[in-house]
Amino acid sequence: MGYLLAVETSCDDTSIAVLDRDGIVRSSVVSSQLAAHAPFGGVVPEIASREHLRNIIPVLDAALKEAGIDMREVKATASTMGPGLLGSLLVGFSFAKTTAHALKVPFYGVNHIEAHLLSPWIENRSLPFPALVLVVSGGHSHIFYAEKEGSYLLVSATRDDAAGEAFDKVGKKLGLPYPQGPLVDKIARTGDSKAYKYTMPRMKKGFDFSFSGLKTSFVDKLGKSGLTPPVFDENNVPGWMADMLASFEKAVVDHLIDRTERAVNIFKARSLALAGGVAANTLLRQRFAELAGNYRLPFSVPPLKYCTDNAAMVGFSALSRWRSWAPTELERDAFPTAAWKRAEMKESK
Amino acid sequence: MKLELKTIAATKKAARELARGLSGNELLLLSGELASGKTTFTKFLAEALGFNPDEVSSPSFTIVNRYSSAKKPLGIYHLDLYRLANGSSLEPLGLEHILGSDDLVAVEWPEAGAKIFERSPRNTLLLRFELSGGKRFLTVERLKRHPSI
């Protein structure tokens, strides 16, 4: 019957997945580079590329083994083409192209953001189109109007920072270790989100996000408090830090939900979906479910393993092209950034 | 030159004035702590140079953004080394290639690339953004002139 081998190396994680023709994920292996980068307190591009080179064959072997197949059963390959860190992207992209060439099977290049966008459908195929999809991660904050698979209009993008970036930066300001996002989520659960008041970013028109004002306000509040974060100890976080993070998290989530709700009122979608690394955030998941409930719309949030970068979503995103046999030319190059067609910004009110 | 940036309009004005004095192939190092106004300044600078400011967003995650315009032969490279560890090799970013291009290069959190920037023959301006007592300041300092050949 044949399988699709999907590869994702656009940032810090090396991931390979095996999917069958029905889009059932037979295996999805992710090798995180966190341990390699943590001592440096950030991503080191050269380490990232080298780690991908080091990891890719062991990750491949693990993915094939878990799926119970061998290379001869691979009938197509797919890989992220962009956007992402070029040095990282090229490792997985070259690997998948070369594999396709050697096996004489088609190759499918995938847009990383589209892969995130479609990830809510991996385990929820019946979610109806058109859908509004909020894609939020360390590098991206977008709302898309997905008319159907392959046809997307960008409703909203960020004017400055991405949502996950805002969490990472305020976390770092309080001395939290890399990666800060999941820790902010954990610590915020123990704090009082009403302790500090934030003014919502006001945009004259449209649905775009802006997080830099909230970030500035956070830095101001910290400065005015005169408090200094202690050396970080996960089991002994001061109450004021938890309050500060809980209040900031609430402000970011309020803004995300507010923009999404505005879009819901304008674009007549039949469902809502949430995707990307920040979709792992507890408060955002809750509030997103409430929003969908208020508008009586079916919604989908992928399981955590498909929120963070993974190859299963890359394979899933290539599936319909595999079925209709529309391969990507092997001469195509990777791209570091992507542009999207903007939705018309007409707001009645 | 030290300016107080009292309002967002003052930031915009400062960016416009700086833009007027640029020939387009400089290296701008934007240094300053979190939320001191580096990305906002870059947005206004891009606008003053005729680029779409809506395309300008923080490159903290992507590390390198490039802005272009159909009306302009040259573009702007907008870099952000925030996530990079000090002393890490910047070779995979293609930094030498970026500095060797004819585009304007603006770098936020430039500290991790200090050595490479020192070696660059580009005219270099250091823009220091400071947050102090709730006030914002911008200091512009010319680091070097292109050696006359």
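Check the entry above for the structure.
Conventions adopted
- Residues numbered from 1 in each chain as written.
- Chains lettered and ligands numbered in written order.
- Predicted model: local features only at pLDDT ≥ 70, side-chain atom pairs only at ≥ 80, totals over all residues.
- Heavy atoms only, no water.
- Buried < 20%, exposed > 50% of the residue type's maximum accessible area, 1.4 Å probe, protein only.
- Helix = DSSP H or I, 4+ residues; strand = E, 2+ residues; numbered from the N terminus.
- Contact = heavy atoms within 4.5 Å.
- Polar contact = N/O pair within 3.5 Å; in protein donor to acceptor, adjacent residues only side chain to side chain.
- Salt bridge = Lys/Arg side-chain N within 4 Å of Asp/Glu carboxyl O.
- Phe/Tyr/Trp six-rings, centres within 6.5 Å; stacked < 30°, edge-to-face > 60°.
- Lys NZ or Arg CZ within 6 Å of the ring centre and 35° of its normal.
- Pairing = 2+ DSSP bridges.
- Axes fitted to C-alpha atoms, helices over the stretch in contact; angles between N-to-C directions.

J.: It is not clear to me how helix α5 (residues 163–173) of chain A should be interpreted in this structure. Could you clarify?
T.: Residue pairs spaced three or four apart in an α-helix point in one direction, given the helix's 3.6 residues per turn. Along α5(A), eight of the 11 residues are buried, which leaves the element largely enclosed by surrounding structure. Within the sequence span of α5(A), burial applies to Ala163(A), Gly164(A), Glu165(A), Ala166(A), Phe167(A), Lys169(A), Val170(A) and Gly171(A). Those residues of α5(A) that are buried lie in contact with β6 (131–136), β7 (141–148), α6 (180–188), α7 (212–225) and α8 (239–266) of chain A together with β4 (76–80) of chain B. Gly175(A) lies just past α5(A) and shows a positive phi near 85°.

J.: For this particular structure, what's the right way to read the side chain of His255(A)?
T.: All names here are of chain A. Mapped onto the elements, His255 comes out in helix α8. Separated by 3.1 Å, the side chain of His255 and the backbone nitrogen of Ser210 make a polar contact. Contacts of His255, omitting those with residues within four sequence positions, involve Met200, Pro201, Met203, Asp208, Phe209, Ser210 and Phe211.

J.: Would you mind going over the interface of chain A and chain B with me for this structure?
T.: Tallying the contact residues gives 26 residues for chain A and 25 residues for chain B. Between the two partners, chain A and chain B, sit one salt bridge. For Lys173(A), the salt bridge goes to Glu33(B), with nearest N and O atoms at 3.3 Å. Viewed at the interface, chain B and chain A are joined by six residue pairs in polar contact (both at pLDDT 80 or more).

J.: Which parts of the structure should I look at to understand the packing of aromatic side chains?
T.: Aromatic rings considered in pairs are described by the distance between their centres and by the relative angle of their planes. Under the defined criterion, the tally for this structure stands at 12 aromatic pairs over all chains. Seen from their ring centres, Phe167(A) and Phe248(A) are 6.2 Å apart, and the 80° between their planes marks the pair as edge-to-face. Taken together, the residues Phe167(A) in helix α5 and Phe248(A) in helix α8 connect sequence positions 81 residues apart. Across the pair, exposure class does not vary: Phe167(A) and Phe248(A) are buried alike. Chaining the aromatic ring pairs together yields one cluster made of Phe167(A), Tyr198(A), Phe218(A) and Phe248(A). One Lys or Arg, Lys169(A), reaches over the ring of Tyr82(B) and ends 4.8 Å from the middle of that ring.

J.: What am I meant to see in the sheet that holds strand β2 (residues 14–20) of chain A here?
T.: Within a sheet, neighbouring strands are paired by backbone hydrogen bonds and run either parallel or antiparallel to one another. Residues and elements named next belong to chain A. If you walk across this open sheet you meet the five strands as β3-β2-β1-β4-β5, and the pairing is mixed. Each edge of the open sheet is held by one strand with a lone partner, namely β3 (25–31) and β5 (107–111). Ignoring which end each strand starts from, the neighbouring axes of this sheet average 20° apart. With six bridges connecting them, strand β1 (residues 3–8) and β2 associate as antiparallel partners. Paired with Leu4 across the strands is Leu19, a residue of β2.

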